[in-house]
Structure formats: structure tokens, C-alpha cells
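The chain contents come next:
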There are 4 protein chains.
Amino acid sequence: MSETLRIAVIGAGRMGADHIQRLNTRIHGAEVAAVVDVDLARAQAAIEGIPGAVALADAEEALNNGDVNAVLIATPGFLHEDILLKALARDIPILCEKPMTPDAESSWKIVQAEEKLGRKRIQVGFMRRFDAEYAALGDIIQNQELGELLMLHHQHRNPTTPPGFTNEMLINDSVVHEFDAIRFFTGEEITSVQVRLGKATKNAPAGQHDPQHVLIETESGVLADVEIFVNAKYGYEVGTQASFEEGTVSIGGDKGPYTRTAGRWGGNVTPGFEERFGAAYDVEIQAWVDAARRGEIGGPTAWDGYATAACCEAGVEAQKNGEKVAVKLNAKPALYS
Amino acid sequence: MSETLRIAVIGAGRMGADHIQRLNTRIHGAEVAAVVDVDLARAQAAIEGIPGAVALADAEEALNNGDVNAVLIATPGFLHEDILLKALARDIPILCEKPMTPDAESSWKIVQAEEKLGRKRIQVGFMRRFDAEYAALGDIIQNQELGELLMLHHQHRNPTTPPGFTNEMLINDSVVHEFDAIRFFTGEEITSVQVRLGKATKNAPAGQHDPQHVLIETESGVLADVEIFVNAKYGYEVGTQASFEEGTVSIGGDKGPYTRTAGRWGGNVTPGFEERFGAAYDVEIQAWVDAARRGEIGGPTAWDGYATAACCEAGVEAQKNGEKVAVKLNAKPALYS
Amino acid sequence: MSETLRIAVIGAGRMGADHIQRLNTRIHGAEVAAVVDVDLARAQAAIEGIPGAVALADAEEALNNGDVNAVLIATPGFLHEDILLKALARDIPILCEKPMTPDAESSWKIVQAEEKLGRKRIQVGFMRRFDAEYAALGDIIQNQELGELLMLHHQHRNPTTPPGFTNEMLINDSVVHEFDAIRFFTGEEITSVQVRLGKATKNAPAGQHDPQHVLIETESGVLADVEIFVNAKYGYEVGTQASFEEGTVSIGGDKGPYTRTAGRWGGNVTPGFEERFGAAYDVEIQAWVDAARRGEIGGPTAWDGYATAACCEAGVEAQKNGEKVAVKLNAKPALYS
Amino acid sequence: MSETLRIAVIGAGRMGADHIQRLNTRIHGAEVAAVVDVDLARAQAAIEGIPGAVALADAEEALNNGDVNAVLIATPGFLHEDILLKALARDIPILCEKPMTPDAESSWKIVQAEEKLGRKRIQVGFMRRFDAEYAALGDIIQNQELGELLMLHHQHRNPTTPPGFTNEMLINDSVVHEFDAIRFFTGEEITSVQVRLGKATKNAPAGQHDPQHVLIETESGVLADVEIFVNAKYGYEVGTQASFEEGTVSIGGDKGPYTRTAGRWGGNVTPGFEERFGAAYDVEIQAWVDAARRGEIGGPTAWDGYATAACCEAGVEAQKNGEKVAVKLNAKPALYS
């Protein structure tokens, strides 16, 4: 590991603000060095409380800032091409939110520029690949645990769409995730796409036909369909059911992949407490670190330690006699009340 | 926020090594400054690759190290008392793995020492309070969403026990988690404990009676039982079912709290992608940061961005004509193969 | 098989009326011959539309009726002893709703009378033994599929209780089902019972403490507890979780037994359409028989047969060309509209 | 209700034998009068133990039998037309297994013949309409509980196919169920069908391409797709997920319809013991009737009644003192051992 990343975040909208928060509170080895937004007030609001970060209105200025050694791009997709080319020219690490660019021609320009540079600097924000269930299904497919993958069925549902979400964005901003997921799962390129518009909900904005049925084929003939429904109202849900020669696996609705094979349905039992409570440990330690840096504690107190010790004593005695054993506690000191 | 925590980790066994890894790769705002273990080789192995960390055989030496401003205690419980008192004397933040100490008398000494210090410095490692499901059930109880809490049923199952795990440890190291959870859920102290030994598995080590049934009562009369079964073989499982005046809520087996009330069973739909994929975003950004610091990328490439852009183009066309539209890609540059 | 059973149903209350309906519409090989109720009008209402059945106010008269060759007893439990003795004297088949009698002394008299008769004539109405999930869990226990049974945890929840449901009835009429189920599961007698009254719901009638925790032990030391909660409001729920040496099995909440063993959770996939739709076939055929006896049909029509045939034709064509094939139907004849 | 149905079952193969068993053991108000099969030995085997039933090799002879007043047709589909026309000529109730006939032209002839007869005599064997979950989903759609129905997704999976199951039968014998179900759910006719052959399993017999993706449209534009996979190996599974304007409902994998709407997922809690144990009561009473007709009992004995009465007595005492109360039983009489 070399030095800490000093990142310029371009775009302080919803996703940008979310990433700034993440970098500043949960990510190890990185700091927010600059936030860029054409709305400078929004950039300034975003850096509040972040020591050493600057707010700027111009992306190029951020790239030229000597304190910046990496860039995270979270502007709308149609603005990506220009920033990507400039960041590639500086040969620094780039995380670019999806879509990389909104069309194949401009995307191809980026690919060519990176190829000319001669090393991969751009990572595209298809975050589903980092979801534990997607990763697990990917492994099952690659390892052929249930034989060859034959079909994929996806649901993709959003409660509602932001203003100005067009029919084209339903493909470019929503189904694009399944395009990548299908490529990720199969390790193949997509060879054809069919879209059928069925009966439409009355809850979609004017000009948007919702839901739609997308039928996709890959190089080896795997059929993958997507029910895209972006005004589903009831909540957010994305899921996949994969059909194999020897069974099916579903993700998105259960705790980890849910399998049907060899006459049984079900999933894996959590093997140990590290797997069950690993995330809780992370949250616990981060809560303690954050509180400690403020001179406080962020969780159970010494009183909690004492009270449970008294329970344990009673428990061990009860274990021996099979009777109800009273738990006795000293008065609680004022410090803990 | 003040300065970064420079932490001395006391104990480099299973839990200690786990926390060292956590602090060094996932926690923001903290660094491992020292690792202490009576087995110095184990301490040295634990700091490998951590810049600026030292390995020591003596806890006091670590507490005297000017570079250390916080301590995380992960030794066996019977060793905690001495280190806690010394760390309290230095008035630094302390995270102490459970149990704080193994009996009420020594625990009470710690409480008194901290009270004398006049501020809370010790946080005890009851990590279940930081698990999302435990927190959600706690909220449902405190808000009386389903009326008064009446009963609690817990399962606590481990696949197997480490060598030397005695009958007493089954209470002190395992049921102690439920003692704290019951106190956390009810906001009350425990008033009595009964333990019944039923039919025993043949898979427990000699001298250990497993499983056991623990029946607990709290100040307001809530009955809470625990099925403790530490040689359950099939995996790890901890769960709670809470019975209220208006319904029941289960955690530990489903994605989030599972409720039965008013003629319906079920849970909350995920409201949005931030909730569904928040953890994946964290993993994604951390993977990128880690790769970028090595001069690489850690996820989808520009080629992935290009190929999905081509799919989107075909999709938008297919949306208009309802037919199967072929996806055409340029040859993949060598950089991405 | 000998002659059809001509049954006298004693008691035309809730359970009695339910059984009369069952015998008269769904049970093969039996007919309702007489209905007895002290409230003669209730008996008369119960036989309406049942050819050949008589309404009576006196059980003895029914037993003396030459047309009666079997008896089903559905009066309150405290009335059972007298009728059972009289029916035993006639040596006819007897189905007696639970409890057989409400106390051990009177039950023992019945056992002695039947023993003197020298053959088993009484079947007691513990219907859970006939539930597919209870039967399946019983098999898993008896076959030791997951090793020795160690513990049983039961929930027994009713939305509310009928008027006059006392604290004693909570044991005698509700927990009695678990008493039988535990005996059925273990094949052992129960050796001790403990009842703990915890925090009570305010929704129970005066004089009734609800819920209660019942802790039971069997001959081999199996601990079985019951959370009995008869004013649970949200609905009806009975379930059992069995803990074995090699895993756990739950019934009552899933489709069939739900198992955790060997690192996996889950259940059995339905092996075929007979298992999945067997009950639907029964309903279908009964619907057709009932409609046919009225000169009608009770399900899909010839038009449905025609319309699906046309779909199949289109489907087979579509299978060959991969295109969308229109389905064309003739005008629907008036008979089917 | 008029007289009992005296049914001629045509075809004693798998489905025919199943229906004979059903009529002879579980259906109230009907008897098997005749069984017809070209393989007379198979017909004779099928009537074994059925009093009053005759075995015949010719369907016409059965229809001419004065003892027969209804017919159930369970031969292969291509034989249906002739028998249907003859049975219609006799104006008796007809239950015809699906498909009514294998093509639209012959089906239309049947429709015309019935229309000429002037009353509906044919019921077609689409048994899914009688499944509780299909019926419940149908109700939700018709009542527009979640707004307009927009899309339907079906899985239809068989573990394997019988010998000679062709590509066409995959539509005519398997997808035909979904054709009817979609018509049943929507109350609309189907207007188009598209079939796409994707990647094929190697487990299908020669000449059969499996799985296939069928995309169907109804009069109002509802898109319904079917993943038909008849060599799925792992078991039998049929399920539907319906997407509405206000949520989704799934059947086939859970106990009753599973809904996602208004921020919640889940289903209905069973309201009472009649719903939970209704089927068990049916099984119980049938078991008792069957045993009683043989002079035996078919379930819990008087000893079971006595032993549970003793438990209840102990329980009521334990309820009062909160202690463990022993259960004492007399020695078990020989009759019950």
C-alpha cells in the first residue's frame, strides 16, 4: 500500500453526497480532498466538517490541484466523457459512476483513450458486483455447481422515478444494471435485446411506458429477461432467479442465495459468528472509534459489564441446582444513569 | 473529530487478530499502533504489513508508549481486570471484549474505578447491539409498536466449542450475550435465572452438559428463555422471537424483523437502493481505494462501460420497435482481455 | 370394507356442526344418521338438507336408534364420561373430541371400561397427529434422521378466547394438544410439568393470566416448553421447533418441515404434480360430482378447452419461428357467456 | 342433491388410476361404476376391491351400461373427441382431462356439439383453478386489491418427462396449464404467443429443446411469460408472480399468496384452527370412518385420553405453584400396548 488517496469528488448531488459521506466516515485509506459542483454552494455544503477539503466549481481546477491524486465522478452521465478524458490524461485512479457514458460511440472513445494510455485507470460503478449475493451467484455459475446456466429471470423495481426520467433512461439508467449483471454472471457479451411494452400502470409520468419486458440473449444462447418496473410504488426490489441444468438459485429475496436442487430447497447455514456478526463488529468498532475521538464511548458501559457478570454468577449457580436463582445488583452509580 | 486513534490491541488470538484486520482495512479514523501478546511471535505476525505498528509482549509497555492513545482488550476474560485498571489510570478510550470480567465482584471494582475517574472510558464488546436486526427489534420494543413486550424466546447455537470450554463457560461466554440482549431489549435488569439440564447430546466434550434451557425473569416480569446448544453441529444460529400484546417479531432467520400482527405476517420492503446496496457501495469504494493505492483498479473496466452502453443503445431501439435488436461490439482491445 | 357408517353426532355446537358438514360433503363411506343436542332446534337446523337424518334431544335415544352404527361425540368435555360409557356398552365405533374427559380419575374409568370390553372402540380427537407437518416431524424423530431428539419448543397462539375460558381451560383445552403432541413425537410419557406466569397481556378476560410458559419433561429427559398465549390477537399460530443432535426442524410456519442440518437450511422440493395438486384434484372432482348431481358443471367449460387448444396451436407454431404468433378464436357461443 | 353419481372412468393409466382411487376413497356422493381400458387387464386391476364396479375394454359399452350416469375421461388427448361426442349424445355429466382435444379444429367441433345440445355437460380438467393459492390470486386480481394487473411471470418445472414427450407436447400438455391459468387470472382471451428457444439442457431427450421461454399477450395488453423447463431434475415447481400497479403477489412457493405492497412484504396469518387444521380434521375423520368400517380405530386411544388428562391435572397444579409437578400414571393396560 502506498499513500492515502486524496480524492476529488466531481458532482455533489445525491450519489456524490453519498460517496463523500462514505469516504469521510467508513472507508479506510482515503480522504476527500476536493468536491466539485457547478452549484458551488452545494459543493461547500458537502465539505462541511471535512478537514483539508476544498469546494470548487470546476472539475479541471480540481484535477490540477496538487493535493488531489484520484477522482470519483458522480455527475450525470452525459457529462462523463469530458472529465474522463481529462482525468485519463493525468493518469490517476478514476471511479466513474454508471453509465460510463450514455452511448456506445462516446464509450468507445474512452476505451481507446485508456488503451492508448496503456493501463487500466477507470473503474465503472456497477456496484452490484460487490453485493454478497451477486458475488455468490456469480461463483455458483462459474463453478458450474448446478451444471450449465440456462436462463436468467430478473425483477428490477423502483418505488418511483425522479422528475424527468424518460423512457430511454428506463433502459440507460435502470436496465443498464442488468446488462452488466448478465455479462458478469455469464462472462459473455450480449448479442440481442428485445423490448415489449405491455399493459401500462397509470402511476407513470406522461411519456413513460412502465413496466416493460426486456428479453436478452448472450453469446452461448442464454435467455435472460428483465421485468423493469420503475413506478412499482411498494418499495425497491431487485432480484434474479437463475435456472441451471440441475436446479435453480434465487437472490434478492432471501438471506443469501436460495437453491433448489436434488429434491431440496434452501440455503447455507451461517457457519460462525464472524459471518453472522462481522458487519456488527465493524459498526461497533467504528462507533467506538468515532466516540473515542470525541472523548466519549459509543456503546455498552462498564455497568453493563457488571450487571451481566452478576447474571452469569446466578446462572452458574442455577445450572447446579435447577432452581430459580435471584440476581442481586449493587445500586447503580450516577455515572451510568 | 480530533486526531486519529492510535490503538494498542492487547491479545493477538482469534478475536484480537480479527479486530487488527478490521482496524487496518475497514475502519476510518483509527490505526493499529501496537499489538501485545505474551507470545511475542504471534504479536509480530499480527503487525506484518502495518506501517508504524510495534509488537510487544507486555501490556503496560504498550500503555506507556507515547504513540498509543487508545486500547482494545481482546485477551481471555480472566486477564481483563488488571489491564482495565491500568488503562483507566491513563484515562484513554478502552474497548473491552466481553465479558468485562468473569464475576460480579471484580466487575464491580472496575465500575467503582471508572466512577472515581468521573467519566465513562470503557465500552464493553456486546456487539449484538450493533446488529441491524437487534437494533430494529429494540426499537419496536421501546416504541411499543405492538403494545407491551410479554415474552422473549432465544436460540443460541454454535456448531462446536473450542477445547476446554466448560459448563460454566456455557453461561459466562455464551449466554452472557443473551443476558445483555435481554437487558438491552427490555431496558430492565434481570431478577432471576433458572437453568434446566435436559437430554444431552453425545457430541459434547466430557464434563459439559449440552443443551441447556435457561429461564430468565426481568424486573417487570417478562419471561425470557434461552435454548443454549453449543455443539449443534449444523452451523451457527442466534435468534429471538418476541411476543407482544399485539403480535410477534422474530429476528435471526429472515432479512430484518419478521412480524405477525393484525392478521398479517411479513416484514418491511427495502425502501430504496441505498438501503439495498449500501454495503455493496462500501465494498466497492473500499476495493477501488485499495486497488488505486496499488496503482490498479478493483472492479468493472472501461470495456464494461462500453459494452453496456452498446446494450443500452440496442435496448432503446428495441423499445421502439418491439423486435429483437442485435448488439454489435468492436473487437476487445488487448488491455481488457 | 363393510357397510357405510351411519353416525350419530352428539352435540351440534361449533365443532359438532363442523363435523356434520364434513361427514355430509367430504367423507367417503359415512353418513349422518342422527344429530343430538339438548337444544333440539339446533339439532334440527344441523340436519337440514341431509336425507335420512333425524334430530334428537337425548343421546341415549340416538344410541338406541337401529339406524345408528357409530357415534361422534362433540359435546363439552365434562359431558363425555356418561356418553362414552353408554356407547362402549353398545360396542360401536366412537370418535370422541378432546379432552376424552377433563380429569385423570374419570379418564381412567373409561380406560378400564374399554379394557373390560376387550377391544379398542374409542378414538380421541387429537387431530394434529393427522396434520401432514406433524406426521412428517414425527417420522424424522422416530427414524432418528438427525440423531436423538433433545428439545422441543412450541408456540400455541389463539387470537382470542371464547367467553368463560378460565385459567384451567388454558391448560385443559389448549395445552392438552401439546401434551398429546409431545407424547406423539417422543413416544414417551410426560414426567413433570412446570408453569411460570410472566408478564400478562391486558387483553385477557378478568381472572385469566395470559401468556404462560409451560416447561415439560419426558421419561428420557427431553425438555419441551410451550408458550401458550390465547389472546394473541394477530391470528392463530401453532408451531414446533425440534432440536436434535444433528440439526433442527421447524413446523407450523413453512410448507412442510424446515430443517437446519449439515450447514444447510431448507426443506424438500415437491417431487411431482400429484403431491403439489393432489388436494386441488380432490376439490375439483368433488366440485364436479356435486355440480353433476344438480345437473350442472362445476369448473372449466368446453369453451375453455377450445380456447386453450387454439393457444397451443399458436404456441407450437411460435416454437418453430421464434416470432409472435397471433391466436385466433371463433366467436364465443351464447351458451358460454 | 339427487342420486349418487355412478361413474364410468375411461382410461386406467396414471391419471385414470389416480382418479379411481380418489372417487373410491375420498369423494362424497360418487362411486366408480365402470372402468374402461383397451388393456382389459389394467381395467380389471383398477376395479379390484371396488364393490359393484365392472371392467370393460370398450367405452361405448360403458356408456350403454344402465348403471352408469356420468363419465370421467382420462385417456390420451387424441382419443377424447370420439368419446366426448358419444357422451354428449347421452346427455350425461362429463369430466374430461386436459387437453379437451389437442387442436383448435376438433375442440371447436366439441363446442358446437355441446352448443347444439343446449346445456353445458363438459367440465375440462384444469385443476389449478381449484388450488387454494390460484383461487386466492384470482380473487386479488378480480377485486383489484392492488390495482390493475400488469404482468405475470410463471415458472413451470418438471423433474423429467415421460418417454415420447415431444417438443409439441411441451406446449400442448405442459404450457396448456398456463394458457388456462392466464385466461382464468385475467378473464381475457390470449391474443399472441411467442416462443424463444435459449440455451438447452443436455438432460432433455433427443429432439426436445428444453427449456423454452414463452411470451404471451392478452386482450388488454397484459404480458405473461412462462419459463417452461420439463427436465429440471430437482423436483416439481409451478409458480406465478403477478405485478400490479400497487404491488406484487407470488404463489407457488409460500403458504398462500405472498404480497409486496405499501412498504411491506408478507401474507395473511391463519385466522383460526379450522383453517389451519381443516385438512387434518378431514384426514382424521376419514381415517376413523375407514378403520371403524373394519372394526378398528384409526388414531389416538383412550389411553392417550387418560395420559393427557393426567398431564392436565399436573399442569393446573403447576400453574398455581410455579414449581415442577410430577405426572403420575397407572400401569398401562395390555389392550393399549
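None of the values given here were measured: they were computed from a predicted structure.

### So, the overall build of chain A
Within chain A, the regular secondary structure consists of 9 helices and 15 strands. Radius of gyration (C-alpha) of chain A: 26 Å, far over the 20 Å computed for a compact globule of 337 residues. The C-alpha extent of chain A, read off along each of the three principal axes, is 75 × 60 × 45 Å. Across the 337 residues in chain A, those meeting the buried criterion constitute 57%. In chain A, of all internal contacts separated by at least 6 residues, the share reaching a separation of at least 24 is 57%.

### Quick look at the interface of chain C and chain A
Between chain C and chain A, the residue contacts involve 9 residues of the former and 9 residues of the latter. The element that contributes the greatest number of residues to the side of chain C that touches chain A is strand β14 (residues 264–268) of chain C, accounting for 5 residues. The sheet contact formed by strand β14 (residues 264–268) of chain A and β14 of chain C spans 5 bridges and is antiparallel. Residue G266 of chain A lies in a different strand from β14 of chain C, and its bridge partner there is G266 of chain C.

### Re the domain arrangement of chain A
Per the domain assignment, the segments of chain A are domain 1 (5–125), domain 2 (129–266) and domain 3 (278–336). One C-alpha centre belongs to domain 1 of chain A, the other to domain 3 of chain A; they are set 44 Å apart.

### A closer look at the interface of chain A and chain B
Across the boundary between the two partners, chain A contributes 118 residues, which contact 118 residues of chain B. Class assignment of the residues belonging to the side of chain A that touches chain B gives a composition of 62 nonpolar, 27 polar and 29 charged. As paired elements, strand β15 (residues 324–326) of chain A and strand β8 (residues 190–197) of chain B share 3 bridges and run antiparallel to each other. Residue V325 of chain A lies in a different strand from β8 of chain B, and its bridge partner there is V193 of chain B.

### As for the sheet that holds strand β3 (residues 54–56) of chain D
All names here are of chain D. Pairing within the open sheet is parallel, and its 6 strands lie in the order β3-β2-β1-β4-β5-β6. Two strands in the sheet have a free side with no partner beyond their single neighbour: β3 and β6 (122–124). Averaged over all pairs of adjacent strands, the angle between strand axes in this sheet comes to 25°, irrespective of strand direction. Judged from the 4 bridges that link them, strand β1 (residues 5–10) and strand β4 (residues 70–73) form a sheet pairing that is parallel.

### Quick look at the packing of helix α9 (residues 302–321) of chain A against helix α5 (residues 104–117) of chain B
Two quantities define a packed helix pair, namely the angle between the axes and the distance from one axis to the other. Where α9 of chain A contacts α5 of chain B, the axes come no closer than 8 Å and their chain directions differ by 165°. Taken together, the axes of α9 of chain A and α5 of chain B lie roughly antiparallel to each other. For α9 of chain A against α5 of chain B, the interelement crossing comes out left-handed. Together, A302, W303, G305, Y306, A309, A310 and E313 of chain A of α9 of chain A and A104, S107, W108, I110, V111 and E114 of chain B of α5 of chain B make up the contact between the two elements. Residues belonging to the contact of α9 of chain A with α5 of chain B are distributed by class as follows: 9 nonpolar, 2 polar and 2 charged.

### Examining the sheet that holds strand β6 (residues 122–124) of chain C
All names here are of chain C. Here 6 strands make up an open sheet; going across it, the order is β3-β2-β1-β4-β5-β6 and the pairing parallel. Two strands in the sheet have a free side with no partner beyond their single neighbour: β3 (54–56) and β6. On average, each strand axis in the sheet is inclined to that of its neighbour by 25°, with strand direction left out of account. The pairing of strand β1 (residues 5–10) with strand β2 (residues 30–36) spans 6 bridges and is parallel. Paired with I10 across the two strands is V36, which belongs to β2.

### So, the pairing of strand β10 (residues 223–229) of chain C
Residues and elements named next belong to chain C. Counting buried residues along β10, 7 of its 7 residues qualify, which places the element largely inside the surrounding structure. Side-chain alternation along β10 places L223, D225, E227 and F229 on one buried face and A224, V226 and I228 on a second face that is also buried. Alignment of strand β7 (residues 149–157) against β10, held across 7 bridges, turns out to be parallel. Pairing of H153 across the sheet is with D225, part of β10. Sheet topology note: the strand β9 (residues 212–218)/β10 ladder contains 6 bridges and is antiparallel. If you follow H213 over to β10, its bridge partner there is E227.

### Examining the relation of the copies chain C and chain A
Superposing chain C onto chain A takes a rotation of 180° plus a shift of 0.0 Å along the axis, which leaves an RMSD of 0.1 Å. Within this description, the copies of the chain are treated as partners about a two-fold rotation axis. When each C-alpha of chain C is compared by its distance to the rotation axis, G266 of chain C comes out closest, at 1.9 Å. Comparing interface residues between copies, 100% of those in chain C also sit at the interface in chain A, which points to an isologous, same-surface contact.

### Considering helix α9 (residues 302–321) of chain D
Residues and elements named next belong to chain D. For α9, spanning 20 residues, the distance from its first C-alpha to its last is 29 Å, which sits close to the expected 28 Å at 1.5 Å a residue. Of all 20 residues that make up α9, 17 are buried, and the element is covered over most of its length. At the C-terminal side of α9, G322 shows a positive phi close to 70°.

### Topic: unusual backbone geometry
Cis geometry marks the peptide bond from D210 of chain C to P211 of chain C; its omega dihedral reads 0°. Tracing the backbone shows P211 of chain C in the loop between β8 (190–197) and β9. Here the residue pair K98 of chain D and P99 of chain D is connected by a cis peptide bond, since its omega of -10° sits within 30 degrees of zero. Along the chain, P99 of chain D falls in the loop between β5 (94–96) and α5 (104–117).

### Looking at the nonpolar core
Taken as a class, soluble globular proteins show a tendency for nonpolar side chains to be buried jointly. Core analysis: the biggest nonpolar cluster contains 220 residues, and I7, A8, I10 and V35 of chain A together with I7, A8 and V35 of chain D have the highest contact counts within it. With sequence-adjacent residues up to four places away left out, I10 of chain A is seen in contact with V36, A59, A62, V71, L72, I73, A74, T75 and I83 of chain A. Listed in part, the 110 residues of the second largest apolar core include I7, I20 and L56 of chain C together with A314 of chain D.

### Some details on the environment of A41 of chain A
Its place among the elements puts A41 of chain A in helix α2 (residues 40–47). A sequence separation of 234 residues divides A41 of chain A from E275 of chain A, and the C-alpha atoms of the two residues are 42 Å apart.

### Looking at the packing of helix α6 (residues 132–142) of chain D against helix α7 (residues 167–186) of chain D
Residue and element names in this part refer to chain D. Their axes nearest at 8 Å, the elements α6 and α7 cross at an angle of 40°. One element, α6, and the other, α7, form an angle in the oblique class. On α7, the residues that touch Y134, L137, G138 and I141 of α6 are A181, F184 and F185. Tallied by class, the residues present in the contact of α6 with α7 amount to 6 nonpolar, 1 polar and no charged.

### Side note on the environment of E246 of chain C
Topologically, E246 of chain C is positioned in the loop between β11 (237–244) and β12 (247–251). Between the C-alpha atoms of E246 of chain C and E105 of chain C, which are 141 residues apart in sequence, the distance is 40 Å. Residues contacting E246 of chain C, with those up to four places away along its chain left out, are K233 and Y234 of chain B together with L146, G147 and T261 of chain C.

### Overview of the pairing of β14 of chain C
Residue and element names in this part refer to chain C. Relative to β14, strand β13 (residues 258–261) runs antiparallel, the two sharing 3 bridges. Paired with T261 across the two strands is R264, which belongs to β14. As consecutive antiparallel partners, β13 and β14 are separated by 2 residues, and within that stretch A262 has a phi angle of approximately 50°, a positive value.

### A few points about the confidence of the model for chain A
Scored by pLDDT, chain A has a mean of 87; 98% of the residues are at 70 or more. Predicted complex, confidence summary: ipTM 0.83, pTM 0.86.

### Some points on the environment of G29 of chain C
Residues and elements named next belong to chain C. Locating G29 in the fold gives a position in the loop between α1 (14–25) and β2. Assessed through the 19 C-beta atoms surrounding it within 10 Å, G29 is described here as partly exposed. Taking the C-alpha atoms as reference points, G29 and E3, 26 residues apart in sequence, are found 8.0 Å from one another.

Rules used throughout
- Residues numbered from 1 in each chain as written.
- Chains lettered and ligands numbered in written order.
- Predicted model: local features only at pLDDT ≥ 70, side-chain atom pairs only at ≥ 80, totals over all residues.
- Helix = DSSP H or I, 4+ residues; strand = E, 2+ residues; numbered from the N terminus.
- Rg over C-alpha atoms; globule rule 2.2 N^0.38 Å.
- Buried ≥ 20, exposed ≤ 12 C-beta atoms within 10 Å, placed from the backbone.
- Contact = placed C-beta atoms within 7 Å.
- Pairing = 2+ DSSP bridges.
- Domains from an automatic or database assignment.
- Nonpolar A, V, L, I, M, F, W, Y, C, P; charged D, E, K, R; others polar.
- Axes fitted to C-alpha atoms, helices over the stretch in contact; angles between N-to-C directions.
- Parallel < 35°, antiparallel > 145°, perpendicular 65-115°, else oblique.
- Left-handed = near helix turned anticlockwise from the far one by under 90°.
- Least-squares fit on C-alpha atoms with pLDDT ≥ 70 in both.
- Expected span 1.5 Å × (residues − 1).
- Core = buried A, V, L, I, M, F, W, Y, C linked by C-beta atoms within 7 Å.
- pLDDT = per-residue confidence, 0-100.

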